[in-house]
Every structure is written in structure tokens, then in C-alpha cells.
Amino acid sequence: PTLIGRADLLFKMQDSDSAGKMYQAILVSHRSGLEAAVVMRMYHRLGVVRRTLGDRRKALDMFEKALELDPAHRETLEAIVELQSAQNSWDAVLHTKRGLMATASAQEKVELLEQIGSIYKDKLGNQPKATTAYVEALEVSPEDRRLLQKLLDLHTEARQWKMAVETIERIA
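These numbers were taken from a predicted model, which means no experiment stands behind them.

**Some details on the side chain of serine 16**
For step 1, the next point in the chain: Looking at where serine 16 falls in the secondary structure, it is placed in helix H2 (residues 16-30).
For step 2, the next point in the chain: With sequence-adjacent residues up to four places away left out, serine 16 is seen in contact with Val49, Thr52 and Leu53.

Structure follows, in C-alpha cells:
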């Protein structure tokens, strides 16, 4: 507990290099005697440390180890999305955002699905999957005019006139 407290203090003081070394030493020497939640938090913090030090690959490795212990840990999932986005790894971003939906509120789900739709449309050029994401978001929030407009734009671009008219009727 004393070593963990010291590592946490170094982390809070933003002494990334020292905190990382301390967490790594604790995991090497004492991992078997620690609770899974404590180990997960240390892996998450090691990921933050590696990201701060500019080592994206090792940061992703540490975040993935944290997710092995808690697949729904929101901070870790958000950190992974940030790193994957910086690497333009859009398929991985989509997968991770879907993981975020497991613990999201209804409004957060709508926002995540809208982001997923935008990635499909803008980054991957996959309009059918973008449409599916927007429709899924509209199932949660059927009156969201912004989503309806995005869906209308997709139908118009794809020349799906019947669906475009249905969307206009929903807007009206």
C-alpha cells in the first residue's frame, strides 16, 4: 500500500517517468497479491504515463491490459479512442465506441451513435453503415431533428427518394 500510495502521489504530481517506473515495479513484484481493481487502475495509469511520454504503442498496450480486467472502464475506453483517432485507425475507433455504449446513458448512446455514423460517412465513406447508425440513434431519440437531417442528407446523396420523403415526413 505504501508503494502504491507513493506511485499515486508521483502520478498526481505529474512526474510521469517516476510514476511509471514505480507502477511497473509494483506490478512486477506484487501483482499476484493485489486486487483486480487495483491492478486495472495501475495499468490505466501506466497507459496515461506512456501516452504522456509520447509512446502511443505502449500506452495502447497498457490500456488494453486494463480493459482485460474491466472491459467497461470508461476512462480507459475514452483514452483508447483518443489514441486510435490520432492514428486514423477508424475501424478500431468504431469498435471501442461500441464498447463505450455498454455503460452509456440514453443521451450518451445517441451521441456515440451519431459519432459512429459520422465516422462511417466522413472517414470510411460507408453510407449504408452511417445510415444504420443514425437509425439506431433515432430509435433511442426519435424526435432528434439533427439526426433526422443527417439521415435525410444520406438518403438524398444515395438518391433514396422514398426514404428521403419518409424522413421529411418525420421532420414535419
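Next, the rest of the story.
**Side note on the nonpolar core**
For step 1, the next point in the chain: Ranked by size, the top nonpolar core spans 31 residues in total, and within it Phe63, Ile116, Tyr134 and Leu147 carry the most contacts.
For step 2, the next point in the chain: Elements with a contribution of two residues or more to this core: helix H4 (56-69), helix H5 (74-86), helix H6 (90-100), helix H7 (106-123), helix H8 (127-140) and helix H9 (145-157).
For step 3, the next point in the chain: Beyond its immediate chain neighbours, meaning those up to four positions away, phenylalanine 63 contacts Tyr43, His44, Gly47, Val48, Arg51, Thr76, Ala79, Ile80 and Leu83.
For step 4, the next point in the chain: Membership of the second largest hydrophobic core comes to 16 residues, among which are Ala7, Ile26, Met42 and Val49.

**Considering the confidence of the model for the chain**
For step 1, the next point in the chain: With 100% of its residues at a pLDDT of at least 70, the chain reaches an overall mean of 94.
For step 2, the next point in the chain: At the level of individual helices and strands, the chain shows its lowest average pLDDT in helix H10 (residues 161-171), which scores 92, and its highest in helix H3 (residues 36-52), which scores 96.

**Observations concerning unusual backbone geometry**
For step 1, the next point in the chain: One non-glycine residue with positive phi stands out, namely glutamine 14, at about 65°.
For step 2, the next point in the chain: Within the secondary structure, glutamine 14 sits in the loop between helix H1 (2-12) and H2.
For step 3, the next point in the chain: On the basis of relative accessibility, which here comes to 69%, the residue glutamine 14 falls in the exposed class.
For step 4, the next point in the chain: Backbone geometry places arginine 159, a non-glycine residue, at a positive phi of 55°.
For step 5, the next point in the chain: Residue placement: arginine 159 occurs in the loop between H9 and H10.

**A look at the pattern of salt bridges**
For step 1, the next point in the chain: As enumerated under the stated definition, the model contains 13 salt bridges in all.
For step 2, the next point in the chain: Linking lysine 150 and glutamate 114 is a salt bridge whose minimum nitrogen-to-oxygen distance equals 2.8 Å. Here lysine 150 is found in helix H9, whereas its partner glutamate 114 is found in helix H7, with 36 residues between them in sequence.
For step 3, the next point in the chain: You can call lysine 150 partly exposed: its relative accessible area is 25%.

Parameters at a glance
- Residues numbered from 1 in each chain as written.
- Predicted model: local features only at pLDDT ≥ 70, side-chain atom pairs only at ≥ 80, totals over all residues.
- Heavy atoms only, no water.
- Helix = DSSP H or I, 4+ residues; strand = E, 2+ residues; numbered from the N terminus.
- Contact = heavy atoms within 4.5 Å.
- Core = buried A, V, L, I, M, F, W, Y, C linked by side-chain atoms within 4.5 Å.
- Buried < 20%, exposed > 50% of the residue type's maximum accessible area, 1.4 Å probe, protein only.
- pLDDT = per-residue confidence, 0-100.
- Salt bridge = Lys/Arg side-chain N within 4 Å of Asp/Glu carboxyl O.

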